[in-house]
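# Descriptive structure summary
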Amino acid sequence: MDIQKINHYKSLFDSIVHEILDDNNETMEVWYARELQSVLGYVRWENFSVAIARAHESCKSQGISVDDHFREITKMINLAKGAKREIQDFMLTRYACYLIAQNGDPKKEEIAFAQSYFAVQTRKAELIEERLQLLSRLETREKLRISEKQLSKNIYERGVDDKGFARIRSKGDTALFGGLTTEQMKHRLGVKSGPLADHLPTLTIAAKNLATEMTNYNVEQKDLRGENPITIEHVQNNKSVRGMLLERGIQPENLPPAENIKKVERRVAKEERQMLKESTKLPKKK
């Protein structure tokens, strides 16, 4: 997501912030679910209320009082010919909004933005952009884990053991990185321990995932069996992905290393704990 789009979404989300007084008579920020529904790209309240219900459950599962962060209210809306009708709404803390975003439709770009918008305390566009990039890398790495797990399952069912899987994956790396082995790439990037993919930039992780997904597809469609045919398939797919990168002037072996994904995971988790700590509770009902 580019900075122009980030600023656009930030402007929309900033426009629905409301201020009230908490129990200490200090100003706190709150949001209303009906307004949040709109900026999150939901048309129907019935669909959005599903995300709210899931956020409730997520809050409970963490041992946090739902009433501290979600408050059901009613609003009057104007109908035709001067009629009015009550509708359900919720007053929400920043933490509640974050949980709703976490439980929203992951395909919506607004949802991805909201997860970072509500997690970053100061909500500066640059910090939101940085967190979006971290989350994108985490998501891409998880996709690679899933596709490699599926490849391991596929080849095991076709007569290849764990050592064979390691050889297939290693030869795929050699094809992707222009002849450099996995161990040579680790040395090149200064990786002392852990999987190579944990230290790769998002683009390279995505490239590895694409090649692995292609291998999974063809192994299943062609019913390839045995280590040699599957190795040939995986190497060819990695060469094809490498060729596509080279056409765009990208040499994956020359891209700089990224922060260890385990550190990124811990940092994101720490930010969430800090957000909960700093998210003011709703004032008690009077």
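Read on for a plain summary of the structure. All of these numbers come straight from a predicted model, not from anything done at the bench.

## Notes on the environment of K108
Examined against the element boundaries, K108 turns out to sit in the loop between helix 4 (94-102) and helix 5 (109-119). Ignoring sequence-local partners within four residues, the contact set of K108 consists of L40, G41 and Y42.

## Looking at the nonpolar core
The biggest cluster of nonpolar side chains holds 38 residues, and the ones touching the most others in it are F13, L36 and I100. Elements supplying a minimum of two residues to this core: helix 1 (3-14), helix 2 (33-39), helix 3 (45-61), strand 4 (84-92), helix 4, helix 5 and helix 6 (125-156). By residue number, the principal contributor to this core is helix 4, which donates seven residues. Setting aside its immediate chain neighbours within four residues, F13 contacts W31, L36, V39, L40, E110, F113, A114, Y117 and F118. Within the second largest apolar cluster, 14 residues are counted, among which are L144, V191, I205 and V241.

## Some words on the layout of surface pockets
The volume enclosed by the largest pocket comes to roughly 600 Å³. Every residue lining the largest pocket is counted, 23 residues in all, and those nearest its centre are A112, Q115, L135, S136 and E139. Listing elements by their share of the lining of the largest pocket, those giving two or more residues are helix 4, helix 5, helix 6 and helix 11 (261-278). Looking at which element gives the most residues to the lining of the largest pocket, the answer is helix 6, with ten residues. Its residues assigned to classes, the lining of the largest pocket shows ten nonpolar, six polar and seven charged.

## Re the sheet that holds strand 3 (residues 70-78)
In spatial order, the strands read 1-2-4-3; together these four strands make up an open sheet with antiparallel pairing. Each edge of the open sheet carries a strand with a single partner, namely strand 1 (18-21) and strand 3. With strand direction ignored, the average angle separating the axes of adjacent strands in the sheet is 45°. As defined by bridge partners, strand 3 adjoins strand 4 across nine bridges and the pair is classed as antiparallel. Within strand 4, the position partnered with I73 by the bridge is D89. Where helix 3 meets the sheet, its contacts fall on strand 3 and strand 4, and the angle it forms with strand 4 comes to roughly 35°.

## Things to note about empty space enclosed by the protein
Evaluated as defined, the whole model comprises one cavity of 30 Å³ or more. In this structure, the largest cavity spans a volume of roughly 70 Å³. Counting residues per element, the ones that place at least two in the lining of the largest cavity are helix 6, helix 7 (162-176), helix 9 (202-222) and helix 10 (227-247). When the residues that make up the lining of the largest cavity are grouped by side-chain class, the tally is three nonpolar, four polar and four charged.

## Here we look at the packing of aromatic side chains
One pass over the structure, following the stated rule, counts nine aromatic pairs. Taken together, a centroid distance of 5.5 Å and an interplanar angle of 40° make the contact between Y9 and F113 tilted. Taken together, the residues span a long stretch of sequence, with Y9 in helix 1 and F113 in helix 5 at a distance of 104 residues. Exposure class is identical for Y9 and F113. Each is buried. Joined through ring pairs, the aromatic side chains of Y9, F13, W31, F113, Y117 and F118 make up one cluster. Looking at K75, its charged tip hangs above the ring of Y32, at a distance of 4.3 Å from the centre. Positioned above the aromatic ring of Y42 is the side chain of K108, whose terminal nitrogen or guanidinium carbon lies 4.9 Å from the ring centre.

## Concerning the pattern of salt bridges
Across all of its chains, the model carries 25 salt bridges by this definition. Between K60 and E57 there is a salt bridge, with the nearest N and O atoms lying 3.6 Å from each other. Of this pair, K60 and E57 both sit in helix 3, three residues apart, roughly one helical turn. Notably, a salt bridge pairs K208 with D173, separated by 2.5 Å at the nearest N-O pair. Within this pair, whereas K208 is found in helix 9, its partner D173 is found in helix 7, the two being separated by 35 residues in sequence. Overall, the relative accessible area of 7% leaves K208 in the buried class.

## A few points about helix 4
Think of an α-helix as turning once every 3.6 residues; residues three or four places apart then point the same way. Burial analysis of helix 4 places eight of its nine residues in the buried class, which makes it a mostly covered element. Taken as a whole, helix 4 has its buried residues at R94, Y95, A96, C97, Y98, L99, I100 and A101.

## Points about the packing of helix 6 against helix 9
Put simply, helix 6 and helix 9 touch, their axes get as near as 9 Å, and they point 25° apart. In terms of orientation, helix 6 lies roughly parallel with respect to helix 9. Between helix 6 and helix 9 the crossing geometry is left-handed. Across from S136, R137, T140, R141, K143, L144, S147, E148, Q150, L151 and N154 in helix 6, the residues of helix 9 making contact are T202, I205, A206, K208, N209, T212, E213, T215, N216, V219 and E220. A class-by-class count of the residues in the contact of helix 6 with helix 9 yields five nonpolar, ten polar and seven charged.

Parameters at a glance
- Sequence order as written defines residue numbering, which begins from 1 separately in each chain.
- Local features in this predicted model are restricted to residues whose pLDDT is 70 or higher, and side-chain atom pairs enter the listing and the counts only when it is 80 or higher, whereas totals over whole chains, interfaces and linings include all residues.
- The side-chain quantities take in all heavy atoms of the structure and omit both hydrogens and water.
- Numbered from the N terminus, helices here are DSSP runs of H or I no shorter than four residues, and strands are runs of E no shorter than two.
- Whether two residues are in contact is decided by their heavy atoms: any pair within 4.5 Å suffices.
- Remark: nonpolar core denotes a set of buried residues (Ala, Val, Leu, Ile, Met, Phe, Trp, Tyr, Cys) joined through side-chain atoms within 4.5 Å.
- In this scheme, a residue with accessible area under 20% of its type's maximum is buried, one over 50% is exposed, and one in between is partly exposed, where area comes from a 1.4 Å probe on protein chains only.
- Every definition here rests on a 1 Å grid over the protein atoms only: cavities are sets of points where a 1.4 Å probe fits but cannot get out, pockets are open sets enclosed by protein on both sides within 12 Å along at least five of seven lines, and lining residues have some atom within 4 Å of a point.
- Grid points are joined across faces, edges and corners, and a volume is the space filled by probe spheres set on the points.
- Under this grouping Gly is polar, as are all residues other than the nonpolar Ala, Val, Leu, Ile, Met, Phe, Trp, Tyr, Cys and Pro and the charged Asp, Glu, Lys and Arg.
- We treat two strands as partners when DSSP finds at least two bridges between them.
- In this description, a line fitted to the C-alpha atoms serves as the axis of each element, helices being fitted only across the stretch in contact, and the angle between N-to-C directions of two axes falls anywhere from 0 to 180 degrees.
- Stacked, tilted and edge-to-face are the three classes applied to pairs of Phe, Tyr and Trp rings, where Trp contributes its six-membered ring and a pair requires centres within 6.5 Å; stacked means planes under 30 degrees apart, edge-to-face means over 60, and tilted covers the rest.
- Only lysine NZ and arginine CZ atoms are considered, and such an atom sits over a ring when it is within 6 Å of the ring centre and within 35 degrees of the ring normal.
- By salt bridge we mean one thing: a side-chain nitrogen of Lys or Arg within 4 Å of a carboxyl oxygen of Asp or Glu.
- For classification, angles of less than 35 degrees are called roughly parallel, those exceeding 145 degrees roughly antiparallel, those between 65 and 115 degrees roughly perpendicular, and all remaining angles oblique.
- Rotating anticlockwise by less than a right angle from the far helix to the near helix defines a left-handed crossing, while the corresponding clockwise rotation defines a right-handed one.

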